[in-house]
Amino acid sequence: MWREGGAVLVPVSDVGLGDRAAEVLRRNDLGSMTAAAPRLYPHMWSWDSALIAVGLAQLSVPRAVTELRTLLRAQWSTGMIPHIVFSEGDGYFPGPERWGTQAAAAAPGSVRTSGICQPPVHAVAVRRIVDAGRRAGGAAREEAEAFVRDTFGAWLAWHRWLATARDPDRRGLVEIYHGWESGMDNSPRWDRPYAAVVPGAELPSFVRTDVDHVGDAGERPTDAEYGRYLWLVEQLRRVDYDDDAARDVVGFRVADVFTSAILAVASDELAVLGEELGAGTAGDVAELRELAARFRAGVLSTVSPSTGLARDLDRRSGEWIETETVAGFAPLLCGPDERQRELFWGERWCGHPALAHPLPPTVSPSDPGLQPRAYWRGPVWPIVSWLFGWAFERQGDHDGAGRLREASLRQLAAGDFGEYYEPFTGEPLGSLHQSWTAAVTLDWLAQPGRR
Ligand code: 9WN
């Protein structure tokens, strides 16, 4: 199952690493979904599952398709794809009881999910699955292409929901109601908006489990941060996750520039797939192209003239969020951008002399606020490097993509598949054997034209 017809394109020198990565995905496989990590994250996460499918596509196209079909079974009737699909496993907090989504009118009846979303990288994965299917040919190709035809409407509904419920003013920027929705939970991007979130006395008490699964609690968000995270869940739960009501009651509303960039490129990818495979109508394809253009324009509208970085917008205070994080490169994810390209490879970022590898940390190494071991406040996340590499390749910047791939494979060579890495020493942190890290490793190893 794991190596159909010799379709894995792993070069000989990297066979060991590729085998280890495949083994991580096999061990984290729960049958029709993959746990994001063995102990810390025993369920399916939305954007993880997409990147996991990118890796699975190198091993087994049918298994990659199953992963995304499982995710889609959890889609809400509004079109939202929830950020967690719960397995039978436990040991993660907040679990399904705390989310209480069974009372939400739009939630699926048969699957337990959280009530918020994550960045829409899924169409990127669908494209990768089709490409892998075409390379393998035969039944794999048929299955991949049939999958697109079957599910095109569901992905379109997901993009439409983001473009309407989460961009009611049509600014071309996706609003998020929780830092978890950005996927970059405790990024300094969210410090200002979170400062205005004050948990009420009626916040039910809680016991965290995440800190038990990492080497050092300092690698995770603090208890005070968790209190705010759970207060937002409480606010959303009280209105049964109704989109219109949520907008009015939630204490955190931020236009997220990185998620918006992902929606722009993913909409383009979906439009191309729709056209190529005759899925959806000409109107659907045109709508996706319009979304791609709207969100790209939205992203570009946030760029600070002084720093050249894109900014999030706090919708509650109306203020720009001026932080020097990797999300500032959202325009570069959406399309070629010479000024941003220079910044990206320059001394404040990948070219910083103290970095263990020339890869983008989550906060600029020149920013004195960088915390090298603290989750989204400094470490390098391989999936973020992968997303930029994917974007560069798509833009025809093969040199940029190759640089990220080679540096990442050096970072990953020990085969720990860390959730994130200390930027100056290269030490793996957070969870080890993290599924999406193993998955993007497989994709990098399989890419033709490695230098
Ligand atoms: C909350 C699963 C997820 C990732 C996120 C990452 C982390 C969860 C947590 O783990 O978030 O959603 O409990 O910390 O920040 O990007 O999808 O890997």
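Residues numbered from 1 in each chain as written. Predicted model: local features only at pLDDT ≥ 70, side-chain atom pairs only at ≥ 80, totals over all residues. Heavy atoms only, no water.

**Focus: the sheet that holds strand 4 (residues 254-256)**
Phase 1: Across the sheet, which stays open at both edges, the 4 strands sit in the order 3-4-5-6 with antiparallel pairing between neighbours. Bordering the open sheet on either side are strand 3 (174-176) and strand 6 (320-321), each of which pairs with just one other strand.
Phase 2: The pairing of strand 4 with strand 5 (residues 312-314) spans 2 bridges and is classified as antiparallel. By the bridge assignment, A255 is partnered in strand 5 with L313. (Pairing = 2+ DSSP bridges. Helix = DSSP H or I, 4+ residues; strand = E, 2+ residues; numbered from the N terminus.)

**A look at the UniProt feature "domain: Mannosylglycerate hydrolase MGH1-like glycoside hydrolase" (unreviewed entry) in the protein**
Phase 1: The UniProt record annotates "domain: Mannosylglycerate hydrolase MGH1-like glycoside hydrolase" (unreviewed entry) at residues 41-437.
Phase 2: What you have in residues 41-437 is 48% helix and 5% strand, and the ends, taken at the C-alpha atoms, are 13 Å apart. (UniProt positions renumbered as here; feature names shortened; annotations may be inferred.)

**Observations regarding the layout of surface pockets**
Phase 1: Counted as a void, the second largest pocket has a volume near 160 Å³.
Phase 2: Every residue lining the second largest pocket is listed: P96, T101, Q102, A107, P108, G109, S110, V111, R112 and T113.
Phase 3: For the lining of the second largest pocket, a count of residues per class yields 4 nonpolar, 5 polar and 1 charged. (1 Å grid on protein atoms, 1.4 Å probe; cavity = no way out; pocket = protein on both sides within 12 Å on 5 of 7 lines; lining within 4 Å. Points joined across faces, edges and corners; volume = space filled by probe spheres on them. Nonpolar A, V, L, I, M, F, W, Y, C, P; charged D, E, K, R; others polar.)

**Details of the nonpolar core**
Phase 1: Residues L68, I129, W155, F258, F344, W386 and F388 are the most contacted members of the largest nonpolar core, which totals 149 residues.
Phase 2: Not counting residues up to four positions away in its chain, the partners in contact with F344 are F329, L332, W349, C350, G351, P360, F388, F392 and L404. (Core = buried A, V, L, I, M, F, W, Y, C linked by side-chain atoms within 4.5 Å. Buried < 20%, exposed > 50% of the residue type's maximum accessible area, 1.4 Å probe, protein only. Contact = heavy atoms within 4.5 Å.)

**Quick word on the site of the ligand**
Phase 1: Around the ligand lies a shell of 17 residues, among which D48, Y92, G183, D185 and Y375 are the nearest.
Phase 2: Interatomic distance of 3.0 Å between a side-chain N/O atom of H83 and an oxygen atom of the ligand.
Phase 3: Here an oxygen atom of the ligand and a side-chain polar atom of R220 are 2.9 Å apart.
Phase 4: For the ligand, whose free accessible area comes to 420 Å², the fraction covered by protein is 100%.
Phase 5: Judged by its atoms lying within 2 Å of the grid points, the ligand is housed in the largest cavity. (Near = heavy atom within 4 Å. Polar contact = N/O pair within 3.5 Å; in protein donor to acceptor, adjacent residues only side chain to side chain. Areas by Shrake-Rupley, 256 points an atom, 1.4 Å probe, with all protein chains shown as cover. Sits in = over half its atoms within 2 Å of the grid points.)

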